[in-house]
Amino acid sequence: MSIRHGLLALLERGQMYGYQLRAAFEESTGSTWPLNIGQVYTTLARLERDGLVRPLPENESGQRPYEITDAGRADLAMWFATPISRADRPRDELSIKLALALTTPGVDVRAVVQTQRTATMRALQEFTRLKYTSDKPEDLPWRLVLDAMIFQTEAEVRWLDHCETSLVRHRPAPIRAVDHPEAVDRASDEARR
């Protein structure tokens, strides 16, 4: 989720200042994506620069609320109407980590998979426990985010199972001297003896 669009969606509810936006964002996502207050104010500055929000006069407490502009509403409507592309999502660090583990000498890839599986199963248990802590209607946004996290975690467990099965079948290619110049040096030294 884009922080930019998250803040615009919150401002569509009404005027808010930075700390209110951060609290509302975390409440809406069940604190699954904690926001740094610096991120909020940096994003607000960009939104203001782009004409999507406008600052209002400071209130009696010295806080400056923001409101969404018509351009901000149009941008938000476009975001809600546009599907998220797989290419728009962040890189999957786990798949990159395992791909590199396979090609890095001295790494026990099975141990990497097992360590991740243990952590993923713990997360799944925690998400499942959280799911049943409340069934109030106002918790629906949080529960939907939590359900998405549960489904993603279950998919990760299935993918780790697949990785483990693939590792059992995997036969590493023999190391060629061209790939490792030190092997060429050793072979030359042995041939000279």
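Structure report, in brief. (Residues numbered from 1 in each chain as written. Predicted model: local features only at pLDDT ≥ 70, side-chain atom pairs only at ≥ 80, totals over all residues. Heavy atoms only, no water.)

It is worth spelling out the overall build of the protein chain at this point. Per the secondary structure count, the protein chain includes eight helices and two strands. Beginning at the N terminus, the succession of helices and strands in the protein chain can be written as α-α-α-β-β-α-α-α-α-α. A separation threshold of at least 6 residues defines the contact pool for the protein chain, and within that pool the share at least 24 residues apart is 49%. Of the roughly 13,400 Å² of accessible surface on the protein chain, a fraction of 55% belongs to carbon and sulfur atoms. (Helix = DSSP H or I, 4+ residues; strand = E, 2+ residues; numbered from the N terminus. Contact = heavy atoms within 4.5 Å. Areas by Shrake-Rupley, 256 points an atom, 1.4 Å probe, with all protein chains shown as cover.)

With that settled, the discussion passes to the pattern of salt bridges. Evaluated as defined, the whole model comprises 11 salt bridges. Of the charged contacts in the structure, one is a salt bridge between R64 and E58, with a shortest N-O distance of 3.8 Å. Taken together, the shared-partner salt bridges in this structure form one network comprising R4, R49, D50 and D75. (Salt bridge = Lys/Arg side-chain N within 4 Å of Asp/Glu carboxyl O.)

Moving on: the packing of aromatic side chains. Using the criterion set out here, one finds two aromatic pairs in the structure. On the basis of an interplanar angle of 50° and a centroid distance of 5.0 Å, the ring pair of W79 and F80 is categorised as tilted. Looking at F80, the relative accessible area reads 57%, which means it is exposed. (Phe/Tyr/Trp six-rings, centres within 6.5 Å; stacked < 30°, edge-to-face > 60°. Buried < 20%, exposed > 50% of the residue type's maximum accessible area, 1.4 Å probe, protein only.)

The N-to-C vectors of helix α2 (residues 18-28) and helix α3 (residues 37-49) enclose an angle of 115°; their axes lie 9 Å apart at closest approach. Our classification of the angle between α2 and α3 gives roughly perpendicular. Here the hand of the crossing between α2 and α3 comes out right-handed. Taken together, the residues of α3 that come into contact with α2 (itself represented by G18, Y19, L21 and R22) are I37, V40, Y41 and L44. Along the lines of polarity and charge, the residues of the contact of α2 with α3 split into six nonpolar, one polar and one charged. (Axes fitted to C-alpha atoms, helices over the stretch in contact; angles between N-to-C directions. Parallel < 35°, antiparallel > 145°, perpendicular 65-115°, else oblique. Left-handed = near helix turned anticlockwise from the far one by under 90°. Nonpolar A, V, L, I, M, F, W, Y, C, P; charged D, E, K, R; others polar.)

If you check helix α7 (residues 140-169), its first and last C-alpha atoms are 44 Å apart, about what 30 residues at 1.5 Å a residue would give, namely 44 Å. For α7, the complete set of buried residues consists of W142, R143, L146, D147, M149, I150, T153, V157, L160, C163 and L167. (Expected span 1.5 Å × (residues − 1).)

Another aspect to go through is the side chain of T153. Tracing the sequence through the fold places T153 in helix α7. At 2.6 Å, the side chain of T153 forms a polar contact with the backbone oxygen of M149. With sequence-adjacent residues up to four places away left out, T153 is seen in contact with T120, L124 and F127. (Polar contact = N/O pair within 3.5 Å; in protein donor to acceptor, adjacent residues only side chain to side chain.)

Moving on: the nonpolar core. Counting residues in hydrophobic clusters, the biggest one holds 19 residues, and the most contacted among them are L7, L8, L10, L11, L21, V40 and L44. Taken together, the elements giving at least two residues each to this core come down to α1 (3-13), α2, α3 and β2 (66-68). With five residues, the top contributor of residues to this core is α1. Ignoring sequence-local partners within four residues, the contact set of V40 consists of L7, G18, L21, R22 and L35. (Core = buried A, V, L, I, M, F, W, Y, C linked by side-chain atoms within 4.5 Å.)

Time to look at the environment of P141. Mapped onto the fold, P141 is located in helix α7. Residue P141 is classed as partly exposed on the basis of its relative accessible area, which comes to 44%. Placed 114 residues apart in sequence, P141 and E27 show a C-alpha to C-alpha distance of 9.0 Å.

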